[in-house]
Each structure stands twice: as structure tokens, then as C-alpha cells.
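If you want the building blocks of each chain, they are given just below.
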Amino acid sequence: MSGPTSIRLARRDLIFGAGAGLVVLTLPRAVLARPTLDDAIRGFTGGKALNDGRVKLDIPPLLENGNAVGVTIDVESPMTAEDHVRRIALFNEKNPQADIAIFHLGPRSGRARVSSRIRLATSQTVVAIAELTDGSFWSSRASVIVTLAACIEDLS
Amino acid sequence: MVWRKPGLAVFAIIFGGGAMAEIAGEEKKSGSGFMSRETQAMQADDTSNPGMFSVLDGERLWREPVGPAMKSCASCHGDAEVSMRGAAARHPAFDETSGKAIDLAGRIKLCRRDKQTAEPFPRGSEELLALTTYVGTQSRGMPVAPPVDERLTPSRENGKRLFEARIGQLDLSCASCHDDNWDKRLGGSPITQAHPTGYPIYRLEWQSVGSLQRRMRNCMVGVRAEPYEFGSQEFIDLEAYLNTRASGLAVETPGVRP
Amino acid sequence: MTARALINAPKTARKGDIIEIRAMIAHKMETGYRQGPNGQMIPRDIINRFVCTYGGAEIFSADLFPAVSANPFIAFSTVATESGTITFAWTGDDGQTQTATAEIAVN
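As annotated in an unreviewed UniProt entry, chain C carries the name Thiosulfate oxidation carrier complex protein SoxZ and comes from Flaviflagellibacter deserti.

A.B. asks: Even after reading the chapter, I still don't get the sheet that holds strand β7 (residues 255–257) of chain B, so can you show me in this structure?
C.D. replies: For sheets, the rule is that strands pair by backbone hydrogen bonds, running either parallel or antiparallel. Residues and elements named next belong to chain B. Taken in spatial order, the 3 strands line up as β6-β5-β7 in an open sheet, and their pairing is mixed. Edge strands, defined here as strands with exactly one partner in the open sheet, are β6 (208–210) and β7. Neighbour-to-neighbour, the strand axes of the sheet open up by a mean angle of 35 degrees, direction not taken into account.

A.B. asks: Just checking my understanding: could you explain the state of the cysteines for this structure?
C.D. replies: By definition, a disulfide links the sulfur atoms of two cysteines through a covalent bond. Residue and element names in this part refer to chain B. As enumerated under the stated definition, the model contains 0 disulfides over all chains in all. Not part of a disulfide, Cys 111 finds its nearest cysteine sulfur in Cys 76, a span of 6.8 Å. Look at Cys 111 and you get partly exposed, because its relative accessible area is 26%. In this model Cys 174 remains outside any disulfide bridge; the closest cysteine sulfur is found in Cys 219, 7.0 Å from its own.

A.B. asks: Could you clarify how one ought to interpret the interface of chain B and chain C in this entry?
C.D. replies: The extent of an interface is frequently quoted as the accessible surface area lost upon association of the parts. The partner chain C presents 17 residues to the 15 residues of chain B that form the contact. With both sides pooled, the region where chain B packs onto chain C buries about 1300 Å², and carbon together with sulfur makes up 59% of that total. Applying the counting rule to chain B against chain C returns 2 salt bridges. The partner of Asp57(B) in a salt bridge is Arg4(C), with the nearest N and O atoms 2.5 Å apart.

A.B. asks: Looking at this model, I keep getting lost on the pattern of salt bridges. Mind explaining?
C.D. replies: Where side chains of opposite charge bring their charged atoms close, a pairing between them can arise. Inspection of the entire model under this criterion finds 24 salt bridges over all chains. Note that Glu38(B) and Arg37(B) form a salt bridge whose closest N and O atoms lie 3.3 Å from each other. For Glu38(B), a relative accessible area of 31% puts it in the partly exposed group. Taking relative accessible area as the criterion, Arg37(B) reaches 65% and is therefore assigned exposed. Among the salt bridges present, the one from Glu58(C) reaches Arg49(C), with a minimum N-O distance of 3.9 Å. By relative accessible area, which is 25% here, Arg49(C) ends up partly exposed. In the salt-bridge network here, residues are joined through shared partners; they are Asp45(B), Glu20(C) and Arg22(C).

A.B. asks: Help me understand the environment of Gly70(A), please; the structure alone is not making it clear to me.
C.D. replies: Residues and elements named next belong to chain A. Summarising the element assignment, Gly 70 is placed in strand β4 (residues 69–75). For Gly 70, a relative accessible area of 31% gives the class partly exposed. The sequence separation of Gly 70 and Ile 118 amounts to 48 residues, and the corresponding C-alpha distance is 6.5 Å. Gly 70 has contacts with Asp 58, Ile 59, Pro 60, Ser 116 and Arg 117, leaving out every residue within four places of it along the chain.

A.B. asks: Can you help me understand the pairing of strand β5 (residues 85–92) of chain A in this one?
C.D. replies: On any regular strand, side chains alternate: one points to one face of the sheet, the next to the other face. All names here are of chain A. A large share of β5 lies buried, amounting to 6 of its 8 residues. Here β5 runs beside strand β8 (residues 124–132); their pairing, made up of 7 bridges, is antiparallel. Bridge pairing links Ile 88 to Ala 130 in β8. Sheet topology places β5 next to strand β6 (residues 99–104); 5 bridges connect them, and they run antiparallel. Bridging from a neighbouring strand, Ala 89 pairs with Ile 102 of β6.

About the thresholds
- Residues numbered from 1 in each chain as written.
- Chains lettered and ligands numbered in written order.
- Predicted model: local features only at pLDDT ≥ 70, side-chain atom pairs only at ≥ 80, totals over all residues.
- Heavy atoms only, no water.
- Pairing = 2+ DSSP bridges.
- Helix = DSSP H or I, 4+ residues; strand = E, 2+ residues; numbered from the N terminus.
- Axes fitted to C-alpha atoms, helices over the stretch in contact; angles between N-to-C directions.
- Disulfide = S-S within 2.5 Å.
- Buried < 20%, exposed > 50% of the residue type's maximum accessible area, 1.4 Å probe, protein only.
- Contact = heavy atoms within 4.5 Å.
- Buried area = accessible area lost by both parts, 1.4 Å probe.
- Salt bridge = Lys/Arg side-chain N within 4 Å of Asp/Glu carboxyl O.

Written out as C-alpha cells, the structure is:
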């Protein structure tokens, strides 16, 4: 089995196409009170018990900027057809919306490991939850401190 | 989401004493040296550095024929990886025609207007940023090498004067932070030595690529001063001075900064 | 629509290897919670779905919300099973899907 594969591509090998402008098609949204972190988690688990363990949530405890926070979630699982991680969800405590992302995995994933970059509006708790094929849910949480950037733009 | 918060309280830090002035050789370091491991990693890997989108846009623009003569940058300059190597490290440079210092973005604007006879891209436009980033990255890894050219002296001297002049309601100069207090923090953020090694940068705060002038305008707003206009001589002079200060540090374009 | 995307995937792998794939697409991921300079809310405009297929079968997908950063970056793994095309598809709030592909040789 190989380790994490990381191949640096020459610039001209990178996939790149001319991007046509995307059309904006959304309606103004009413500002509604967001569900609590626990409510959001219940919505994902259907109220099933959360087990501690198996999930490793890697996120820096102190952030230079909340706009792009690297997160990696690792779940202990053999990732076989019978026993694998189906979904990994990320939720936050204090953004305007509790959801961050839901990743769908399967036996062809080989390894239950996902990384992304997320936005955190302020210092808060982030929770990662894994759903396994046996219907159990496993979780890990982390507290992060978001520092304010110095010398930002005046939007007024 | 409310990503933006008034950041002024952090200026309550007292800047007193400790006039370190000029930064000595071995202490001199790029802004990337002050960043977290995570942000450094984002810059270091081309498939994880969002500034690469600007590089790729610039590469496309480099080859795009425009104007009545349908000339592209490549029509005259050929392969940018060869012809533009070192160009960013040498700018601002002296422009014979205007008799003034000119920065890299200004040079690209002029080339587009005079050589391609096309409508120049405005300062701050994605296109000009993309071309500047693409040309800039051809110098990646090369030392910042301000030209030995006495005609640049007045510009550099004025840049130094502006760098050291106290401005704004907070009555701070660039030097108050970046010469005298670069080893401290402003609220949670490390104060850097203000070496413009990575520009145009992908700033996490902006969530986009932006120019050194945009970054300086942010600092000016930070000290409650009226920012200079984009493309103003003040900014060119400041850039010319900053490049002499950063001399010898490696170009990192496209840099990632918090 | 062809995506402005950066893909990092191995060009070759041994059958059975677990390979890491990284995909980033240029997109502002406008949250819908931000005010513009005029005080008006800027309408939400995000990539809300990402799907990766390998040899025509879906091997990974993600539902994304406004808390995913601008220029969404996702890294995940898969088992190298066969030579072929890995396809990446990002769908936005406007219903438009942008795609990119990478080829892999498995031996």
C-alpha cells in the first residue's frame, strides 16, 4: 500500500479551462435564527446516540484568518464493503448556518480520510461526525480561536 | 456570514520606545516567515494555492491576441518563462518615456496601451492582476534585485519619506510598525517587516488575489488615513523603496497571506 | 462547462494502491450572509455539490454549504482499480455543472 500520494504537476499539466461567468440566480434570504449545534447534529443522526472515538478531527486551534481553515477528518475503519464509513459531516457552533459539509464515502475510498478548507466566523466549536455501515455515529469536537486580521478594508 | 469586524481596537497596543529602525541582514525575512505552518503549506503547493488560478488566467491572457494588430504579449515576448524571468524582481524600474519609476502592473498597462494598442486593464481588475501574477511568478525563487539606477533615487527617497511619515488619526507611520515593532503582534496578527515578496498575493482576508497597492490601502485605512489612489506616484515610490528594503529576499509570487 | 480547476492526482498507480486526490475549483462561494458596500445583502452563490467518478462509477461526493471556503478545496482517497478517467463535477446554486478530468494508468 502506498503512503499519501502527492505528485507535483507541472503548471501546464494542470487542468484548466476558460470559465464562463456563472449566472447568479438566488433570492434574498430571510435572516432566520440558526439551529443550535445539537439540533443540527440531531438532524444528521436522526437522534441516535453519538459515540466518542474513531474520529480524528485535525484543525489548528488558533487561526490567523477564519476565511480558509484547513481541516482533516480521519476515521478508523477497514473500509470494506461490509464495514465502512458512509458519511462524514462537519458542523459548527456559531456561524450563521450550522452545516459546513457532508462527505459521502464508500468501500472504494480505501481510506476514510477527507480534507477541506472551511470558514469560521468567530471562535467556536467544530464537530465532525462519521456514520458507519452498521448505523452507528462517531464524533470528535474541537475548539478553535479565530483571531482578527489586522489592516482590513473599509467597506463603507 | 459576518466575516468582517471592526479591527481598530487592536491598535490600542502602545507603540513606545524601541526604535529598531533598519532591519539587519540575518533578521530580514519575508512575510511568509511570520505565517502559520498551514498558510505556508497552502502557498507552497501549486495545487493548493488559490493564487494559481490568477497565474493560469494570466497565462491565457498572455497568449490572447488583442487590439487592431491582434498582437498578444507572446507575439513580442514569446515564452514568458524565458523572457519574463526576473522581470518582477527588477520592478519598480525606471521608465524612459515618462522619466519616472514604474511598477510591474504599470509596465503591463503601458505595453497593452502602446504596443498592443488595446484598452489597458484598470488597476485592480482581475485581468491586470492575472497578468501581473503570471509575469510575477516567472521570478519565483529569484532574489528581489532593485536595479542599480540613479534615476530611481528620487522615487526611492520619496518612498522612504512616505514610509516614515506619520499619517492618519492614529498618527502612525509604516515604519512605526514594520521597522520598529516587527517582532511584536498587532492583536492576534504578527507584525511583519513589510517586504513585498509575494505580490500579487492571495489574501485569505480578501478571499481573492490583490495587489501590493490594495494591501497598502488596507494599512492606510487601518491607521485611519485617506489612502492614496491606485496607480498614484506615492504608491509607486513606496513600492520602489520597499523593493530596496526587500533586496535579496526570494520572490514568492503568488504568495498566500492571512 | 469546463471548470477552472486544479487537480492533483497521480498519473500512474499500482492496482490496489490507495491514492489521494485533491481538487480545487475557482469559485467565490458567496455566502448570502454578506453585505455589499451599499448595505444590500449579496445574494448567495455557492458550489453546493461535488461528485467524483472513476471509470464511470461514483467514488466520492460532497454536499457543500456556505461555510466552505472560497475556491473550494477537497482532498479524499480512492483505491486504484483500473486505468481510465477520473471525472470531477461541481454544481452551483444556479444548477450549472462544471467538470474536469484526470487520466490514470493502473498496472
